[in-house]
Structures are given as structure tokens and as C-alpha cells.
Amino acid sequence: MSINNDQPDLQRRDFIGKTVLAAGAATVAPGVLLTVANAGSDEGVSSAVRWGMLIDTNKCVDGCSACVEACDKENGIDLIERPQGQSDEMWNAQRPQWIRKVKLRDTQTGEISNLPMMCQHCEHPPCVDVCPTGASFKRADGIVMVDRHICIGCRYCMMACPYKARSFIHQDIAEQLTSAPRGKGCVESCHLCANRIDAGRETTACQDACNQEGHKAILFGDLKNPDSEIARALKAQHSRQIRADLELNTGVRYTNV
Amino acid sequence: MIKTQYRELYCSSPRYWGGLASLAFIILVGLGAAFYMEHNGHFVTGMSNQIVWGLPHVFAIFLIVAASGALNVASIGSVFGGPMYKPLGRFSGLLSIGLLAGGLVVLLLDLGRPDRLIVAMTTYNFKSIFAWNIILYTGFFTIVGLYLWAMMDRKFEQFKRPIGFAAFFWRLALTTGTGSIFGFLVAREAYDAAIMAPMFIIMSFSYGLAFFIITLMAAYWWADRSIGDLRLAKLKNLLGVFVGAVLYFALVYHLTNLYVTQHHGVERFILLDGGIYTNMFWIGQVVIGGIIPLFLLYSPAFATSRFAITVASLLVLIGGFFQIYVIVIGGQAFPMNLFPGKEVLESSFFDGVVAGYSPSLAEALLGIAGVAVSMILVAIGARMLRVLPESLEDPAEGECV
Ligand code: SF4
Ligand code: SF4
């Protein structure tokens, strides 16, 4: 048995065809308008790619929240207003948090680690399995997201997600970005900046922010392309999935935790 | 054998209309509460991204579970035969429909987007147990409706048994489906137990029968009709068996969980140091919902006391409510263990800590309105249909072997 059995199997896949297809997918969907239309559908998305992330917890810095702030800005989460008179605790419990920082201590060794936690983009996502209407879905390129047009707000997906990655919108939304539509009563979560990817960009907002801070803890890319930086990094070092025991084959992996 | 005469519930106007009016008032208040929550969004409730299912779900699941159990009396009567239960079959069918409708109303009004009911009814993900449940609920209304009809219309007499069987199995499937909603939540330790589905079935027997006894006695009191002691004693003994079984299943559930090492945390939480959930378990579920009713039902001192039967049934319902509360809310409050072997020092999202929940008044009002919906449907149904026998005096000697 290999230790690295966590990793997607790249050998068996013919990568030339896939890269061509991936390049095709990236060129098919230019322009912001199309991106918004695409965000809720599978059109123009290819199964030749699987988007994923590798997070090096050694590089993730205690007290830094650049990724969280960038995500909030990119997806208009910072536009959501706190209801008047709400306590800090309730606000933290009710406001959407697509990505959050977690600080851990090993109970045996006392080792401290920091990491960002978000939707892990499971290959076998429980949130998709349980959703009664199919609003929660996985795109061909591995991104898991919610179609806000058919989400009925039952919150079953939130019960099912092992990572608490999903947020329910608890109040009216006064202001929002065209690239990140949201509505009261629906559920949402990290979609690996699908709007950017569909527009042909190749980084996520959190990754950019982390790089800008000089930490470079987040690596985003195509897991299926053996030449991509992320695939090479996954091959070179031992990484793990959070709660690998659930066998969800997550698209987000961590090293040094 | 004396033929059982069924007659619509017809009672002195003030008592009946007064009762209806108060139920309608409770429902109106509940609807107002639902509107308030939907209009403002769920931020006005105690629910959050931590406790995503709150008090309304507790009420809804409680009513839905009880609905399937309320059909028990009809099943015993027409599937297994038995002169003691047979005359009660029609009412049992009506009650189960009412309870299910009440539960579903609460479930629907607590959705983030209740206006998308049509979407829920037309867009199915067949992998989802939730979607299957929607089908199970719709089927339940249809089958029990037909069953009621077959029981009431002499022309359909020959269909009574087959439909009775169908209803019997359908409702077992329904409770299994409800229990499985939790069974699929593999990541949450409290729900990771195979015993969940059978436990829900036995819980449904107990709550359903308790509802049945209370509504039956209330209806006969409203209508000034009489129920025989022997018949009540039968129901009461049956309730005793069910209450005992629920306690037994709870015991097995926690023992098996204690056997699985990685579930020790959640067991400690429910049984020892979970604060309100521990209290609800021991005081609510075990003492109020189990031990006291058992005492009231079996103690010779209360052998013929109707008051004791009523109180026992009420306590079974209260205890059952706590039991579902501990399962639904307690199971969510207990933190998911994302990082085994690690302790969470900081997180803006309550990782590793027990999630807090204090239900708001609006949530409670919506839930109570659900119970009122059930009761008003039963009251109107009993008034319009011939579901209740003229008299439930005990059958003559020799008839009830
Ligand atoms: S992490 Fe949660 S929300 Fe994301 S795909 Fe997995 S189950 Fe779904
Ligand atoms: S809340 Fe929306 S996305 Fe989640 S399970 Fe329900 S319908 Fe699906």
C-alpha cells in the first residue's frame, strides 16, 4: 500500500487530450457576462480538468487573514451588513464564511499549525448527495457549488457537509456584486472562484492575496494535468485530506498538518 | 355481535366551535411568526450556520414520526384483526393524516425559500433521501386516504385488508425514511448509528399512540360519548409496552455508542456534561417521558384512573419532544471532529466548541401552530366524516378473545 494513495491517479490519464480540452474550456468562456451565466451551470466546463488546491500549513501564518479578506471582497461577502444590535457571537455564527482560519495544537506534541478551511470540493460530495432538488451540484471540472435558482433553503447540505463549509443567508441583501449573486434564504459556499476560472483566469482570490503577503501557502490548479504545478507538488511531497477516513477524495489537500 | 355505529362528531356548539376558534387562533399566530421569520430572514431566529435546524424541525420531525405511529391502531384492527381495536381504525387513519399534515406545514414554513415549494415538488435528486421522503409523504396521504375510504365505504370492503397492509408497510418505510435523514449524516457522530432507523420506528409507535389516546379521550369528552374501561385499559397497556421499548432502544443506542471508541466524546456530552442536553436527556426523555408514565400506567393505584392515563400520555409526548430535541439540536451542537488528535485554539467559526442555540419565540410559535394544524384537521375531519363510533363501550362478554 502506498502512503500517497490520497492523490489523484494521473498515470492512467492521457494528459495531452486533456490539456487541449482544458485550454478549449478556458477560451470558450471569455467575458464577465458569460461568466455570470455560467456560474450556475455546467456549460463550457470540461471534465478533463479537476480544480483543486494544495495548502502548505507550514507557510500559513498565525494571525494573518489575507485570504479571508480577499474572499470576502471577491464574493461581496463584505457588503453584507450586520443586523442592528446583533451580538458578536451571533454575527459570527450567522454571517457567511466561505473560508476561515483555524489554529490547531497537537494534543501529543504541542505543535501549532494554522490553516484556512473552506469547501474541500469533494469528489463524492455528501452535500450533493443529500440535496433534494439538485441545487447543490458538482461541475464537470470538480467544482462544487449551489445553483441559487433552485435551492429551497432546506439546509440539509449544511447538515451533511463534514467540514461546515456552507453558509445560509440569514438576512436581506441590500448590495451585491454582479459576479457573486446571492439571496436571502439560500445556501452558498466557496466555489474556487468559478467566476474567475470561467473567465480564463487561473488563480483564486485567496491564493493571490496569500502570495501578495509573501506567504505562498495556497497553490491552486488542475489536479488532472500532470504538468501543473499543483500536480507536481502533490507528487513530490506527502499531503493529506482532512477526514480522509470519509473517503470523499477532496480536491483541497494539506501538507504538514 | 353488535354492529358498530359510526357518527360524525356532533357536539353542543359552544364547546366545539370554541375549541376550533382557539385552534384557529394559535394557527394564525404561528403563521404570523412564520411570516415574520421569512420576511426578515432567519437572523431573527436562534438558528445559525452552526445550528442549522432549530426548534421548527424538532416539532416537524416529532409530528411526522407520531403520524406514522398513530396509524398503528388501525393496523392492529384491520391487518391483524381484533374487536377491541377495529372500531378505532377510522379515527386512527384520520389522526395520522392530520399529524403528518401539521408536521409538513412546519417543515415547509421553515425553509429558506418556502415560495419555491413547486421547485421542491418538481425537481428531484433521486439520490437524496430527502427527495424520497417527499414521495413517501405524498404516498402516505394517498394510501391512508384510500384506506380510510375503504374502511368507511361498504362497497370497498374487500379492499380494506390489502390497502391496510399497504398502509402498514408504507408507514414503516416512512418512519425509516425519516430516521434515515440522520443516518446519512456520516460526519456527525451523534447520528452515526445503525440503530437510528429502528429506534425511530419504535418512537413513532409510542408517540403516535399517546396522541391517539389523548385525542380520542378529548373527542369523546367533547361529544359526550363514552369509552369502555376495558378498551382504554388495552390502549394503556399497549402504550406501556411502547414506552418501555423506547427506553430500551435508547439504552441500546447509547451502549453501542459507548462501545465505539471514537464516539465516547458525544456520549459524554449527551449523558454527562452536555448541560441542557444532558438535562433534557435524563430529566426530559428518561424521567418525564419514560419512568413516570410507566409508573402511572402500571401502578395498581391508578389502575382505573382515566386522569392517570391522560397524564401519562401527555408526559410521553413531552418526553418524546425532548428526545427529538436532544437528537436534532444536541447532535448538531456537539462539534464535529475535523482534526483528530488536534485541539482547536482559534477559529472564527466555532470549530471544536459546542455550538450555542437559544430558540426564539417565533420558532416556538410556528412549531406549536403545527400541532394546532394537526388538531384542527382532526376536529374538522371527525365532524365531517363518520370516523368515531357512537359508543365505545366494551364489547359484550366473549367477543373479545
Ligand atoms: S466540503 Fe462540504 S460543501 Fe464542499 S463539496 Fe464537500 S460536502 Fe460539499
Ligand atoms: S439548502 Fe439548497 S443546496 Fe442545500 S440541500 Fe437544500 S436545496 Fe440543496
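It should be emphasised that the depicted structure is a prediction, and the values quoted were computed from it without experimental measurement.

Cut-offs used in this document
- Residues numbered from 1 in each chain as written.
- Chains lettered and ligands numbered in written order.
- Predicted model: local features only at pLDDT ≥ 70, side-chain atom pairs only at ≥ 80, totals over all residues.
- Heavy atoms only, no water.
- Helix = DSSP H or I, 4+ residues; strand = E, 2+ residues; numbered from the N terminus.
- Rg over C-alpha atoms; globule rule 2.2 N^0.38 Å.
- Contact = heavy atoms within 4.5 Å.
- Areas by Shrake-Rupley, 256 points an atom, 1.4 Å probe, with all protein chains shown as cover.
- Buried area = accessible area lost by both parts, 1.4 Å probe.
- Salt bridge = Lys/Arg side-chain N within 4 Å of Asp/Glu carboxyl O.
- Polar contact = N/O pair within 3.5 Å; in protein donor to acceptor, adjacent residues only side chain to side chain.
- Buried < 20%, exposed > 50% of the residue type's maximum accessible area, 1.4 Å probe, protein only.
- Pairing = 2+ DSSP bridges.
- Near = heavy atom within 4 Å.
- Nonpolar A, V, L, I, M, F, W, Y, C, P; charged D, E, K, R; others polar.
- Axes fitted to C-alpha atoms, helices over the stretch in contact; angles between N-to-C directions.
- Patch = residues over 30% accessible without salt bridge, like charges linked within 9 Å, V, L, I, M, F, W, Y side chains within 5 Å.
- Core = buried A, V, L, I, M, F, W, Y, C linked by side-chain atoms within 4.5 Å.
- Parallel < 35°, antiparallel > 145°, perpendicular 65-115°, else oblique.
- Left-handed = near helix turned anticlockwise from the far one by under 90°.

Caption draft 1: Molecular detail of the overall build of chain B. In terms of helices and strands, chain B carries 13 helices and 3 strands. Over its C-alpha atoms chain B spans a radius of gyration of 22 Å, differing by no more than 12% from the 21 Å that the globule rule assigns to 401 residues. Expressed along its principal axes, the backbone C-alpha trace of chain B runs to roughly 75 × 45 × 40 Å. Sequence separation of at least 24 residues holds for 82% of the intrachain contacts in chain B that already meet a minimum separation of 6. Accessible surface, chain B as shown: approximately 16300 Å² in total, 71% of it carbon and sulfur.

Caption draft 2: Representation of the interface of chain A and chain B within the structure. Tallying the contact residues gives 60 residues for chain A and 54 residues for chain B. Surface buried jointly by chain A and chain B totals about 4900 Å² across both partners, of which 57% is contributed by carbon and sulfur atoms. Taken as a group, Tyr156(A), Met159(A) and Lys164(A) account for 16% of the area that chain A buries against chain B, more than any other trio of residues on that side. Where chain A touches chain B, the interface holds 7 salt bridges. For Lys127(B), the salt bridge identified is with Asp129(A), shortest N-O distance 3.0 Å. For the interface between chain A and chain B, the tally reads 36 residue pairs in polar contact (both at pLDDT 80 or more).

Caption draft 3: Broad picture of the pairing of strand E8 (residues 218–222) of chain A. Residue and element names in this part refer to chain A. Across the 5 residues of E8, 5 count as buried, placing the element largely inside the fold. For strand E1 (residues 51–56) and E8, the ladder comprises 5 bridges, and the chain directions are antiparallel. When the bridges of E8 are listed, Gly52 appears paired with Gly221.

Caption draft 4: Highlighting the site of ligand 2. Around ligand 2 lies a shell of 13 residues, among which Cys131(A), Cys151(A), Cys154(A), Arg155(A) and Cys157(A) are the nearest. A breakdown of the residues in the shell around ligand 2 according to their chemical character gives 9 nonpolar, 3 polar and 1 charged.

Caption draft 5: The site of ligand 1, seen in detail. All residues in the neighbourhood of ligand 1 are listed as Cys119(A), Gln120(A), His121(A), Cys122(A), Pro125(A), Pro126(A), Cys127(A), Val144(A), Cys161(A), Pro162(A), Tyr163(A) and Arg166(A). Its residues assigned to classes, the shell around ligand 1 shows 9 nonpolar, 2 polar and 1 charged.

Caption draft 6: Just the sheet that holds strand E2 (residues 99–106) of chain A, in detail. If you walk across this open sheet you meet the 3 strands as E3(A)-E2(A)-E2(B), and the pairing is antiparallel. Each edge of the open sheet carries a strand with a single partner, namely strand E3 (112–118) of chain A together with strand E2 (342–347) of chain B. Taken pair by pair, the neighbouring strands of this sheet meet at an average axis angle of 35 degrees, ignoring direction. Strand direction decides the pairing type here: E2(A) and E2(B), joined by 5 bridges, are antiparallel. By the bridge assignment for E2(B), Leu104(A) is matched with Val344(B). Where helix H3 (residues 66–74) of chain A meets the sheet, it contacts E2 and E3 of chain A, and its direction lies at approximately 160 degrees from that of E2(A).

Caption draft 7: Examining H3(A) more closely. Residue and element names in this part refer to chain A. For H3, the tally of buried residues reaches 7 of 9 residues, placing the bulk of the element in the interior. Taken together, the buried positions of H3 are occupied by Ala66, Cys67, Val68, Ala70, Cys71, Asp72 and Glu74. Buried residues along H3 sit in contact with E2, E3, helix H7 (194–198), helix H8 (205–212) and E8. Trailing H3 by a residue or two, Gly76 shows a phi angle of about 65 degrees, which is positive.

Caption draft 8: Expanded view of the sheet that holds E8(A). Residues and elements named next belong to chain A. Reading across from one edge, E8-E1-E9 is the order of the 3 strands in this open sheet, with mixed pairing throughout. Edge positions in the open sheet fall to E8 and strand E9 (252–255), since each of these has one partner strand only. The average angle at which neighbouring strand axes cross in this sheet is 20 degrees, direction not considered. Inspection of the sheet shows E1 paired to E9 by 4 bridges, in the parallel sense. Bridged to Asp56 within E9 is Thr255. Sheet contacts for H8: E1 and E8; angle to E8, the most-contacted strand, approximately 140 degrees.

Caption draft 9: Quick look at a nonpolar patch on the surface. All names here are of chain B. Residues Phe25, Ile26, Val29 and Ile368 make up a contiguous nonpolar surface patch of about 330 Å² in total accessible area. For the nonpolar patch, the element with the highest residue contribution is helix H1 (residues 13–40), accounting for 3 residues. Looking at where Val29 falls in the secondary structure, it is placed in helix H1. You can call Val29 partly exposed: its relative accessible area is 31%.

Caption draft 10: Broad picture of the pattern of salt bridges. A full pass over the atoms with the stated rule returns 21 salt bridges over all chains. Counted as one network, the salt bridges with shared partners bring together Asp62(A), Lys103(A) and Glu346(B).

Caption draft 11: The arrangement of the nonpolar core in detail. Counting residues in hydrophobic clusters, the biggest one holds 196 residues, and the most contacted among them are Tyr156(A), Phe182(B) and Leu216(B). Counting residues per element, this core draws most heavily on helix H8 (residues 196–222) of chain B, at 19 residues. When near neighbours in sequence (up to four residues on either side) are disregarded, Phe182(B) contacts Trp53(B), Ile61(B), Tyr191(B), Met196(B), Phe200(B) and Val328(B).

Caption draft 12: Here's a closer look at the environment of Gln212(A). Residues and elements named next belong to chain A. Within the secondary structure, Gln212 is located in helix H8. Overall, the relative accessible area of 73% leaves Gln212 in the exposed class. Between the C-alpha atom of Gln212 and that of Ala66, which follows or precedes it by 146 residues, the distance is 8.9 Å.

Caption draft 13: Main features of unusual backbone geometry. The phi dihedral of Cys193(A) falls on the positive side, at around 50 degrees, and the residue is not glycine. Within the element layout of this structure, Cys193(A) appears in the loop between strand E7 (187–188) and H7. Despite not being glycine, Phe350(B) has its phi angle at roughly 60 degrees, a positive value. By secondary structure assignment, the location of Phe350(B) is in the loop between E2 and helix H13 (361–384). Judged by its relative accessible area of 17%, Phe350(B) falls in the buried class.

Caption draft 14: Structural view of the packing of helix H6 (residues 129–152) of chain B against helix H7 (residues 160–183) of chain B. All names here are of chain B. With their axes 9 Å apart at the nearest point, H6 and H7 run at an angle of 155 degrees to one another. Between H6 and H7, the interaxial angle falls into the category roughly antiparallel. H6 and H7 meet at a crossing whose hand is left-handed. Per-class residue counts for the contact of H6 with H7 are 18 nonpolar, 6 polar and 2 charged.

Caption draft 15: Inspection of the packing of helix H9 (residues 229–259) of chain B against helix H12 (residues 306–333) of chain B at higher detail. Residues and elements named next belong to chain B. Interaxial distance between H9 and H12 falls to 11 Å at its minimum, and their mutual angle equals 25 degrees. Classified by the angle between their axes, H9 and H12 sit roughly parallel to one another. As for how H9 packs across H12, the hand of that crossing is left-handed. Between H9, through Asp229, Leu232, Lys236, Leu239, Val243 and Val246, and H12, the contact on the second element is made entirely by Arg306, Ile309, Ser313, Val316 and Gln323. Across the contact of H9 with H12, the residue classes tally to 6 nonpolar, 2 polar and 3 charged.

That's the geometry; what it means functionally is another story.
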